[in-house]
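Read off the chains here:
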Amino acid sequence: MSLHNLKDVTYFDLNNEINIPVNGQIPLQKDQEALQAFLKENVEPNLKRFDSLKDRFDYLIDNNYYEADFVKKYDFAFIEKLYAYLNDQDFHFKSFMAAYKFYAQYALKSNDNDSYLESFLDRVAANALFFADGDEQLAMDLADEIVHQRYQPATPSFLNAGRENRGEFVSCFLIQTTDDMNTIGRTINSALQLSRIGGGVGINLSNLREAGAPIKHIEGAASGVVPVMKLLEDSFSYSNQLGQRQGAGVVYLSVFHPDIIDFLGAKKENADEKVRLKTLSLGVTVPDKFYELIKQDADMYLFSPYDVEREYGVPFSYVDITKEYDHLVANDKISKKKIKARDLETEISKLQQESGYPYIINIDTANRDNPIAGRIVMSNLCSEILQVQTPSTVDNQQHYIKMGKDISCNLGSTNINNMMAGDDFGHSVESMVRALTFVTDHSNIDVVPSIQKGNKESHSIGLGGMGLHSFLANHHMYYGSPESIEFTSVYFMLLNYWSLVASNKIAKERQETFADFDKSKYADGTYFDKYLETSFAPKSDKVKALFKDDWIPSKEDWEALKKSVMEYGLYHQNRLAVAPNGSISYINDTTASLHPIINRIEERQESKIGKIYYPAPYLSNDTMPYYTSAYDMDMRKVIDIYAAAQEHIDQGMALTLFMRSTIPEGLYEWKNGRTDKMTTRDLNILRNYAYKKGVKSIYYIRTFTDDQQEVGSNECESCVI
């Protein structure tokens, strides 16, 4: 039998029977039957066997499936010891979807795609050995974290670790352009190169002069941002990542840029084909001033980036619009145009209803909470990466006159269910931070030197979480309830504390910090003020019971950590970010990210085989009442959960809002006496609520329409974990 010749398999039909109620009950046992059938009919006959573990490694190295170097860092007796430990853990997939996703997308296959060369334990071992870099104890620790699914490396890391023919360990990037043709050309080339190596790319266009601005004193000569957007979309379409999938990108623009209406209009379905964007994602950066003008129902002025840069001496993105707004309005040397703030707010909501875009980055919130010297000006394809950047300047030969600092995303995720069941939260986090540190230390994106420089200087990582809704349901807590919000805050407080401890420990070991640590709020100690002034320890009996076996840092512990960080520094400029989860959450048999589920039995359309059904983790008659669909939930509950986590996360979170075209009665009090259809007003209210709660970013708006379709559900594959 081979993977090319699978006949008379039963697992798809068995899985599909989950969706057929029996006596009014969901036949969950059919998923277990499908799982066992898949392992018996698909995996066991097609998994290549070897006489010994040594024979297996020799074969994989000799045939260029595995790198030899990472294996040579260990005595082979240790590798056998690690495998013996993994086998003793008795790992089993818990759902058909988990096993199917792993073997379809992650397991190493023969070059002819005819057989599997890895089981799940083999992939775990490869990750542990590779990321431990010869450190036997760390390899054992990582094997323990991954096999018990407390830690999940991001897809590019988990997939590529140890492979001879592999892609990069990171797969999303942030770059920006400044207002000159040389840098625009370099940016387009960078987007092509990053897409070629499998990356999703975020690009800041806010610094470009608007359509109609002068070029060399000739008025009306500039074309604005839309033609550049078209060039970028075509670049991503051309660079199709080795035929696996089309390249992906998002462009960001300030809401105070004069081209903002045209920018949004290019994504509309009825846009002129000359400007219409079909695949490029859109995001807007929104300062506090915009919300203030909306509240006042005031006019707002849009400012020429060309003139602003001439007056202030820095690119448009690096000017604090909220602080400088009145001066910008009063400055006659700065070209500007006037619109109604609420009209622009409505345009944003209209496009979100139609397409799910644009992403929203509350840029002043991000910068206000940023402990690092410098300015955050944009985000990535999934809106969770928020790091400082500096602009580059380029000469006519495309050489750097001044190389700026750009960003690569190095991500991983904790599985909340399994972390809470673990024995040592702090030790688990340290192992995860060390694995992510290996990735940042060995990432070398030389095709874009500004990203290479940024990574070398910042050592940034992004550890997050997934499985929140399944944990809450399993412990009989309603999503968005006070106790669920309290739990979320305590969990991410611990994640923050222990990631700081780990980063401080690594800085002390290496006697090295991230660049400009001395200019950060960590160095002067002010970052720790809120933890010294406010206790984030569990308060309710329910949450106290959940954390009864976990050590909770006291004020004195935070004070000691502050002292150590001020003395020895931190190795990582950034540590935490909550990304969306794709296939990885299924393999972990958990719910995606911090979001509520969409359905108790989720229907997934798989391109090659059709529909697969996935029951929510821990689904039973006991947990059923706690699994409310996101589409039937007040989105303020989702915002409250994310805001509780955001309090402790130095970067951002990929927060998606879920809406119905027809909103269930009683869900939102402002709908009483009004139409039950979703309106722009609903989205306006929710965005303002998120802003007031301190949320830094909003990812997609997903809408479930009356004809059972989803708008805004095309999540980017390049940056989901």
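Relevant structure appears above.
A brief look at the structure comes next. (Residues numbered from 1 in each chain as written. Predicted model: local features only at pLDDT ≥ 70, side-chain atom pairs only at ≥ 80, totals over all residues. Heavy atoms only, no water.)

### Examining the packing of helix α5 (residues 76–88) against helix α7 (residues 120–132)
Argument step 1. Interaxial distance between α5 and α7 falls to 11 Å at its minimum, and their mutual angle equals 135 degrees. Here α7 runs oblique to α5, going by the angle between their axes. The handedness of the crossing between α5 and α7 is right-handed. Contact with α5, carried on its side by Phe78, Ile79, Leu82, Tyr83, Leu86 and Asn87, involves Leu121, Asp122, Val124, Ala125, Ala128 and Leu129 of α7 and no other residues of that element.
Argument step 2. Among the residues making up the contact of α5 with α7, the classes are represented as 10 nonpolar, one polar and one charged. (Axes fitted to C-alpha atoms, helices over the stretch in contact; angles between N-to-C directions. Helix = DSSP H or I, 4+ residues; strand = E, 2+ residues; numbered from the N terminus. Parallel < 35°, antiparallel > 145°, perpendicular 65-115°, else oblique. Left-handed = near helix turned anticlockwise from the far one by under 90°. Contact = heavy atoms within 4.5 Å. Nonpolar A, V, L, I, M, F, W, Y, C, P; charged D, E, K, R; others polar.)

### Examining the pattern of salt bridges
Oppositely charged side chains are able to pair whenever their charged atoms sit close together.
Argument step 1. Summed over the entire model, instances satisfying the criterion amount to 38 salt bridges.
Argument step 2. Ionic pairing is found between Lys505 and Glu430, a salt bridge with its closest N-O pair at 3.2 Å. Of this pair, Lys505 sits in helix α22 (residues 482–510) while Glu430 sits in helix α19 (residues 425–442), and the two are 75 residues apart along the sequence.
Argument step 3. Of the residues examined, Glu430 reaches a relative accessible area of 19% and is grouped as buried. (Salt bridge = Lys/Arg side-chain N within 4 Å of Asp/Glu carboxyl O. Buried < 20%, exposed > 50% of the residue type's maximum accessible area, 1.4 Å probe, protein only.)

### Some remarks on helix α2 (residues 29–46)
Argument step 1. Here α2 spans 25 Å end to end across 18 residues, near enough to the 26 Å set by a 1.5 Å rise per residue.
Argument step 2. Helix geometry: α2 is bent most strongly at Leu39, by close to 30 degrees.
Argument step 3. Taken together, the buried positions of α2 are occupied by Lys30, Asp31, Ala34, Leu35, Ala37, Phe38, Glu41, Asn42, Val43 and Asn46.
Argument step 4. Buried residues along α2 sit against α1 (11–16), α6 (96–105) and β15 (610–615). (Expected span 1.5 Å × (residues − 1). Bend = angle between axes of the 7 residues up to and from the residue.)

### Some words on the layout of surface pockets
Argument step 1. A volume near 620 Å³ is recorded for the second largest pocket.
Argument step 2. As for the second largest pocket, its lining consists of 25 residues, and the residues nearest its centre are Leu47, Arg49, Tyr103, Ser119 and Leu121.
Argument step 3. When residues of the lining of the second largest pocket are traced back to their parent elements, those giving at least two are α2, α3 (53–62), α5 and α7.
Argument step 4. The element contributing the most residues to the lining of the second largest pocket is α2, with five residues. (1 Å grid on protein atoms, 1.4 Å probe; cavity = no way out; pocket = protein on both sides within 12 Å on 5 of 7 lines; lining within 4 Å. Points joined across faces, edges and corners; volume = space filled by probe spheres on them.)

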